[in-house]
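Secondary and tertiary structure notes
Single-letter residue listing:
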Amino acid sequence: MAKDIEVGGNEYAAKDYQDPPPAPLVDAEELTQWSFYRAIIAEFIATLLFLYITVLTVIGYKSQTDPDKNSDACGGVGILGIAWAFGGMIFVLVYCTAGISGGHINPAVTFGLFLARKVSLVRAIMYTVAQSLGAICGCALVKAFQEAHYVKYGGGANGLSAGYSTGTGLAAEIIGTFVLVYTVFSATDPKRNARDSHVPVLAPLPIGFAVFMVHLATIPITGTGINPARSFGAAVIYGKDKAWDDQWIFWVGPFIGAAIAAFYHQYILRAGAVKALGSFRSSA
């Protein structure tokens with residue numbers, strides 16, 4: 001995301017800023033730049049690592065608490081540990097890739113930033129493809145290393161839990177993704193650098209915590225998707241009908257949540273504040 005341009009004023013006055021121009025809808029020039037392909041590779045590898053670690057955590061927990069093995073029902077990392085695995089990996093991977101690709105690692109995040117004109121259509125499509133392929137390869141590695149456990153314990157695939165309606169599952173995905181994408185916008189908002197430079201912000205930290213908190217809330221409902229690539233990669237490698245029954249929820253829900261977050265942050269919080277400031281100055 002490009003930084004805002006600071007304009008005028010002395011060092012003690014409130015800093016003004018000017019938003020950078022929106023990204024072009026189609027930027028053919030990107031296709032000739034190595035930085036573009038480097039970013040795609042970074043998204044692929046980051047999503048691969050994300051799925052590898054998190055799916056292994058899910059399968060390991062189910063194995064440790066398997067009643068057929070007379071395991072301790074309270075053993076393993078538990079839901080809290082699974083949530084930490086997802087949130088912690090997002091923190092680490094966003095920190096590592098933010099300077100290269102922006103650290104999206106999620107088609108819903110990419111979609112939200114595209115709607116806000118932070119990335120071009122070309123970049124959004126290529127990121128989504130790279131993330132989906134990375135998720136597939138990450139799950140494939142898990143299956144290659146632990147095929148018996150992978151098949152027996154569901155391959156880490158998302159699905160609507162018994163007792164919950166489709167509407168409840170969809171709402172959980174919409175709200176959960178809204179929390180994540182809204183956090184992404186807030187944590188990476190260049191206005192914080194212009195106006196709140198006294199508050200140090202490490203963007204990957206709140207983003208990772210958002211993923212952690214959403215998982216705590218929604219694992220019992222859908223297993224927590226909020227990332228279409230994560231749900232898609234697990235379903236492709238697991239290959240069972242159950243993994244595909246509610247797959248649409250894990251695409252429609254996150255994209256709706258991301259769209260609402262983009263609209264709320266860009267057109268209500270940011271744009272509304274700028275217009276109000278402009279009208280105040282003009283009347284003064």
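These numbers were taken from a predicted model, which means no experiment stands behind them.

**Section: the overall build of the chain**
- When helices and strands are tallied, the chain shows eleven helices and two strands.
- Element order for the chain, N to C, with α for helix and β for strand: β-β-α-α-α-α-α-α-α-α-α-α-α.
- A total of 284 residues make up the chain; the buried ones form 44% of that total.
- Sequence-distant contacts in the chain: of pairs separated by 6 or more residues, those separated by 24 or more amount to 78%.
- For the chain, the accessible surface area stands at approximately 13800 Å², while carbon and sulfur atoms represent 65% of it.

**Here we look at the nonpolar core**
- Membership of the largest hydrophobic core comes to 46 residues, with the highest contact counts inside it found for Phe50, Val55, Cys139, Tyr150, Leu180 and Ile207.
- Taken together, the elements giving at least two residues each to this core come down to helix 1 (34-64), helix 2 (78-97), helix 3 (107-115), helix 4 (121-145), helix 6 (166-187), helix 8 (204-222), helix 9 (228-238) and helix 11 (249-283).
- Not counting the four nearest positions on each side in its chain, isoleucine 207 is found in contact with Ile90, Val94, Leu180, Thr183, Val184 and Ala187.
- Core analysis: the next-biggest nonpolar cluster, separate from the first, contains six residues, Phe36, Ile40, Tyr127 and Ala130 among them.

**Some words on the packing of helix 6 against helix 8**
- Axis separation between helix 6 and helix 8 bottoms out at 9 Å; the angle between their running directions is 175°. It follows that helix 6 is roughly antiparallel to helix 8 by the angle criterion. Taken together, the residues of helix 8 that come into contact with helix 6 (itself represented by Thr168, Gly169, Ala172, Glu173, Gly176, Val179, Leu180, Thr183, Val184 and Ala187) are Pro206, Ile207, Ala210, Val211, Val214, Thr218, Ile221 and Thr222.
- Within the contact of helix 6 with helix 8, the residues separate by chemical class into eleven nonpolar, six polar and one charged.

**Some details on the environment of alanine 124**
- Among the structural elements, alanine 124 can be located in helix 4.
- Counting along the chain gives twelve residues from alanine 124 to glycine 112, while the straight-line C-alpha distance between them is 9.6 Å.
- Excluding its chain neighbours within four sequence positions, the residues that come into contact with alanine 124 are Thr110, Phe114 and Val119.

**Details of the state of the cysteines**
- A complete count under the given rule lists zero disulfides for this structure.
- Residue cysteine 137 stays outside any disulfide, its sulfur separated by 9.6 Å from that of cysteine 139, the closest cysteine.
- Given the relative accessible area of 31%, cysteine 137 is considered partly exposed.
- Overall, cysteine 139 belongs to the buried group, its relative accessible area being 0%.

**Considerations on a nonpolar patch on the surface**
- On the surface, a nonpolar cluster with roughly 850 Å² of combined accessible area is contributed by Ile79, Leu80, Trp84, Tyr95, Leu202, Leu205, Phe209, Met213 and Leu216.
- Looking at the nonpolar patch, the elements that each hand over two or more residues are helix 2 and helix 8.
- Among the secondary structure elements, isoleucine 79 is positioned in helix 2.

**Looking at the UniProt feature "transmembrane region" (unreviewed entry) in the chain**
- In this numbering, the UniProt entry assigns the feature "transmembrane region" (unreviewed entry) to residues 36-61, 73-100, 120-142, 162-185, 205-227 and 248-267.
- With 96% helix and 0% strand, residues 120-142 has its two end C-alpha atoms placed 33 Å apart.
- Annotated as 83% helix and 0% strand, the span residues 162-185 places its first and last C-alpha atoms 34 Å apart.

**Some thoughts on the environment of isoleucine 53**
- Looking at the secondary structure, you find isoleucine 53 in helix 1.
- What makes isoleucine 53 partly exposed here is its relative accessible area of 33%.
- Isoleucine 53 sits 89 residues away from valine 142 along the chain, and the two C-alpha atoms are 8.6 Å apart.

**Quick look at the side chain of histidine 215**
- Within the secondary structure, histidine 215 sits in helix 8.
- Ignoring sequence-local partners within four residues, the contact set of histidine 215 consists of Ala83, Phe86, Thr224 and Ile226.

**As for the packing of aromatic side chains**
- In this structure the tally under the stated criterion is 15 aromatic pairs.
- Seen from their ring centres, tryptophan 84 and phenylalanine 209 are 6.0 Å apart, and the 70° between their planes marks the pair as edge-to-face. One end of the pair, tryptophan 84, is in helix 2; the other, phenylalanine 209, is in helix 8, with 125 residues separating them in the sequence.
- Residue classification places tryptophan 84 among the partly exposed residues on the basis of a relative accessible area of 43%.
- A ring pair is formed by phenylalanine 111 and phenylalanine 255, whose centres lie 4.8 Å apart and whose planes are at 35°; its orientation type is tilted. One end of the pair, phenylalanine 111, is in helix 3; the other, phenylalanine 255, is in helix 11, with 144 residues separating them in the sequence.
- The class of phenylalanine 111 is partly exposed, set by a relative accessible area of 26%.

Cut-offs used in this document
Numbering of residues starts from 1 in each chain and follows the order in which that chain's sequence is written. Selection of residues for local features in this predicted model requires a pLDDT of at least 70, selection of side-chain atom pairs for listing and counting requires 80 or more, and totals for whole chains, interfaces and linings are taken over all residues. Side-chain calculation: all heavy atoms of the structure are included, whereas hydrogens and water are not. What counts as a helix is a DSSP run of H or I of at least four residues, what counts as a strand is a run of E of at least two, and both are numbered from the N terminus. For each residue, the accessible area found with a 1.4 Å probe, counting protein chains only, is set against the maximum for its type, and the residue is called buried under 20%, exposed over 50%, and partly exposed in between. Should any heavy atoms of two residues lie within 4.5 Å, those residues are considered in contact. The accessible surface values rely on the Shrake-Rupley method and a 1.4 Å probe; as for residues, cover is taken only from the protein chains in view. We call a set of buried residues a nonpolar core when its members are Ala, Val, Leu, Ile, Met, Phe, Trp, Tyr or Cys and they connect through side-chain atoms within 4.5 Å of each other. For helices, the axis comes from a line fit to the C-alpha atoms of the stretch in contact; other axes are also lines fit to C-alpha atoms, and the angle between any two N-to-C directions lies between 0 and 180 degrees. Working rule for angles: under 35 degrees goes down as roughly parallel, over 145 as roughly antiparallel, 65 to 115 as roughly perpendicular, anything else as oblique. Any residue that is not Ala, Val, Leu, Ile, Met, Phe, Trp, Tyr, Cys, Pro, Asp, Glu, Lys or Arg is counted as polar, Gly included; the first ten are nonpolar and the last four charged. Defined by distance alone, a disulfide is two cysteine sulfur atoms within 2.5 Å. Each patch is built from residues lacking any salt bridge and having more than 30% relative accessible area; the joining distance is 9 Å for like charges and 5 Å for nonpolar side chains (Val, Leu, Ile, Met, Phe, Trp, Tyr). For this analysis, a salt bridge means a side-chain nitrogen from Lys or Arg found within 4 Å of a carboxyl oxygen belonging to Asp or Glu. UniProt positions are given in the numbering used here, feature names are shortened, and annotations may be inferred rather than shown by experiment. Geometry of aromatic contacts follows a simple scheme: Phe, Tyr and Trp rings, the Trp one being its six-membered ring, pair when their centres are within 6.5 Å, and the pair is stacked under 30 degrees between planes, edge-to-face over 60, tilted otherwise.

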